[in-house]
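Analysis of the macromolecular model
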Amino acid sequence: MSVLDDIIAGVREDLAPRVAALPLEQLRDDAMSAVAPRDAYAALLGDDTGITLIAEVKRRSPSKGALADIDDPAALAERYETGGAAVVSVLTEQRRFGGSLADLDAVRAAVDLPLLRKDFTVDEYQIWEARAHGADLILLIVAALTDDELRGFLALTHQLGMNALVETHTTDEVERAVSAGAKIIGINVRNLKTLDIDRSVFAPLAAGIPTGTLIIAESGVRDVADVGRFASDGADAILVGEALVRHDNPQDTIAAFLDAGRSARLALQDQPTA
């Protein structure tokens, strides 16, 4: 069993008692009465002179273990907003990442930015759940879904006024995401089956994504050099967790990363055309 398979098995186990406690019909009512979703696509779009940033509330990960003691996720999210993040990502998977829906609720009450519910979506219940808790963006991992599931989950997400970050790792997954109609495609340079990182895969995968689709660089962002590389290779936005939660002043890190992305984009514009 791969790491991804193991995580998904745990997600399904943890989902069952929530479904039993709150039937889908009642959850749908809660979702429809939630505050209107924010436009995460517009927030991530930015402009041609730079990139945007998704800042993540992340306590631990399967690859690194414990990252940070985050007693107040709302306060951290407020610092992200002050620093210039376009979107805040909140991990809600508990077993491997130490997150919860309570974290999402706390962050939603604290910031006005669009929120990404970062979890392993394997059931439509989780999409309704995300909307009921104020999420504006959800994660759909192509490797974890069939084509029918991907299309159906995308359709429901858009029906509820949200956007989906559709995560890919290979050429085949990029093609599947594009075919399904994804508007925001993430390229995760971490192999979720082995947890190894290979930043060199980003550029060729980004080249296969059509114009008009937002490209998000996920994982592997350690410093301004990584940001510049991803921005030069086609990223419209970066998703950053570890490099922020391990920093005493995440606002400064966000500012530095945005500056690096802007410099890389401007350097591309200054290059002579053939």
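That block above? That's the structure.
Throughout this description, residue numbers start from 1 for each chain and increase along the sequence as written. The predicted origin of the model limits local features to residues at a pLDDT of at least 70 and limits the giving and counting of side-chain atom pairs to 80 or more, whereas totals for whole chains, interfaces and linings rest on all residues. In computing side-chain values, all of the structure's heavy atoms are included and hydrogens and water are not.

1. With respect to the overall build of the protein chain
Worth spelling out the cut-off: Helix numbering and strand numbering both begin at the N terminus, where a helix is a DSSP run of H or I of at least 4 residues and a strand a DSSP run of E of at least 2. For the radius of gyration, the atom set is restricted to C-alpha positions; the globular benchmark scales as 2.2 Å times the number of residues to the power 0.38. We call a residue buried when its accessible area falls under 20% of the maximum for its residue type, exposed when it is over 50%, and partly exposed in between, using a 1.4 Å probe and counting protein chains only. Whether two residues touch is decided by their heavy atoms; if any such pair falls within 4.5 Å, the residues are in contact. Only the protein chains shown count as cover for residues, with accessible areas throughout obtained via the Shrake-Rupley method and a probe of 1.4 Å.
When you go through the protein chain residue by residue, the secondary structure sums to 12 helices and 10 strands. The C-alpha atoms of the protein chain give a radius of gyration of 18 Å, which matches the 19 Å a tight globule of 274 residues would have. Per-residue burial for the protein chain yields a buried fraction of 52% across its 274 residues. Long-range pairs, those at least 24 residues apart, make up 69% of the contacts in the protein chain between residues at least 6 apart in sequence. As displayed, the protein chain offers around 11,600 Å² of accessible surface, 49% of which is attributable to carbon and sulfur atoms.

2. Topic: the layout of surface pockets
Inclusion rule: Only protein atoms enter the 1 Å grid used here. Points where a 1.4 Å probe fits but cannot escape make up a cavity, open sets with protein on both sides within 12 Å along at least five of seven lines make up a pocket, and a residue lines them when an atom lies within 4 Å of a point. Grid points are joined across faces, edges and corners, and a volume is the space filled by probe spheres set on the points.
For the largest pocket, the calculated volume is near 520 Å³. Taken together, 34 residues line the largest pocket, and the ones lying closest to its centre are Glu56, Lys58, Arg190, Ser219 and Gly220. Of all the elements in the fold, those that place two or more residues in the lining of the largest pocket are α1 (3-21), β6 (137-141), β10 (237-240) and α11 (242-245). Take the lining of the largest pocket: its biggest share by element is three residues, from α1.

3. Looking at the sheet that holds strand β8 (residues 184-188)
The condition is simple: For two strands to be treated as a pair, DSSP must find no fewer than two bridges joining them. Only the stretch in contact is used when fitting a helix axis, every axis being a line fitted to C-alpha atoms; angles between N-to-C directions are given from 0 to 180 degrees.
Ordered by their spatial adjacency, eight strands build a closed barrel running β1-β4-β5-β6-β7-β8-β9-β10, and the pairing between neighbours is parallel. Along the sheet, successive strands turn relative to each other by an average axial angle of 25°, direction set aside. In the packing of helix α12 (residues 250-270) onto the sheet, the strands contacted are β1 (52-57) and β10, and the crossing angle to β1 comes to about 150°.

4. Some details on the packing of aromatic side chains
What counts here: Between 30 and 60 degrees the pair is tilted, below 30 it is stacked and above 60 it is edge-to-face, where a pair is any two Phe, Tyr or Trp rings, Trp via its six-membered ring, whose centres lie within 6.5 Å.
Per the counting criterion, the structure on display carries two aromatic pairs. Judged by centre distance (6.0 Å) and plane angle (35°), the ring pair of phenylalanine 97 and phenylalanine 120 falls under tilted. Residue phenylalanine 97 is located in the loop between β4 (87-91) and α5 (101-110), and its partner phenylalanine 120 is located in the loop between β5 (115-118) and α6 (124-132); the two are separated by 23 residues in the primary sequence. A residue is classified by how much of its surface remains accessible, and phenylalanine 97, at 10% relative accessible area, is buried. Centroid distance phenylalanine 202 to phenylalanine 230: 5.0 Å. Interplanar angle 65°. Geometry classified as edge-to-face. Residue phenylalanine 202 is located in helix α9 (residues 202-206), and its partner phenylalanine 230 is located in helix α10 (residues 224-232); the two are separated by 28 residues in the primary sequence.

5. A short note on the nonpolar core
So the rule is basically this: To qualify as a nonpolar core, a set must consist of buried Ala, Val, Leu, Ile, Met, Phe, Trp, Tyr and Cys residues joined through side-chain atoms within 4.5 Å.
Among the nonpolar cores identified, the biggest contains 67 residues, and Leu53, Tyr80, Val88, Phe202 and Ile238 are the most heavily contacted of them. Look past the residues within four positions of phenylalanine 202 in its chain and what remains in contact with it is Ile187, Val189, Ile215, Ile216, Ala217, Phe230, Asp233, Gly234 and Ala235. Within the second largest apolar cluster, 25 residues are counted, among which are Ile8, Ile54, Ile141 and Leu214.

6. Focus on the packing of helix α2 (residues 24-32) against α6
Quick reminder of the rule: Left-handed describes a crossing whose near helix is turned anticlockwise from the far helix through less than a right angle; right-handed describes the clockwise counterpart. Under the convention adopted here, Pro, Cys and the residues Ala, Val, Leu, Ile, Met, Phe, Trp and Tyr are nonpolar, Asp, Glu, Lys and Arg are charged, and Gly plus all remaining residues are polar.
It is at 7 Å that the axes of α2 and α6 come closest, and there the two elements cross at 35°. Where α2 crosses over α6, the two elements pack in a sense that is left-handed. Residues Leu24, Leu27, Arg28, Asp30, Ala31 and Met32 of α2 lie in contact with α6, whose contacting residues are Glu124, Tyr125, Trp128, Glu129, Arg131 and Ala132. Class assignment for the residues of the contact of α2 with α6 results in seven nonpolar, no polar and five charged.

7. Concerning α5
Condition: The directions considered for the arc are those from the helix axis to the C-beta atoms. For this analysis, a polar contact is any N or O atom pair within 3.5 Å, provided that within protein one partner can donate a hydrogen and the other can accept it, and provided that sequence-adjacent residues contribute only side-chain to side-chain pairs.
If you check which residues of α5 are buried, you get Leu101, Asp103, Leu104, Val107 and Arg108. Take α5 and look down its axis: the buried residues cluster within an arc of 150°, on one side only. Turned more than 90 degrees away from the buried face of α5 sit Ala102 and Ala109, all of them exposed. On its buried face, α5 sits against α1, α4 (73-83), β4, β5 and α6. At the N-terminal end of α5, a side-chain oxygen is found 3.3 Å from the backbone nitrogen of alanine 102, two or three residues along, and the residue is serine 100.

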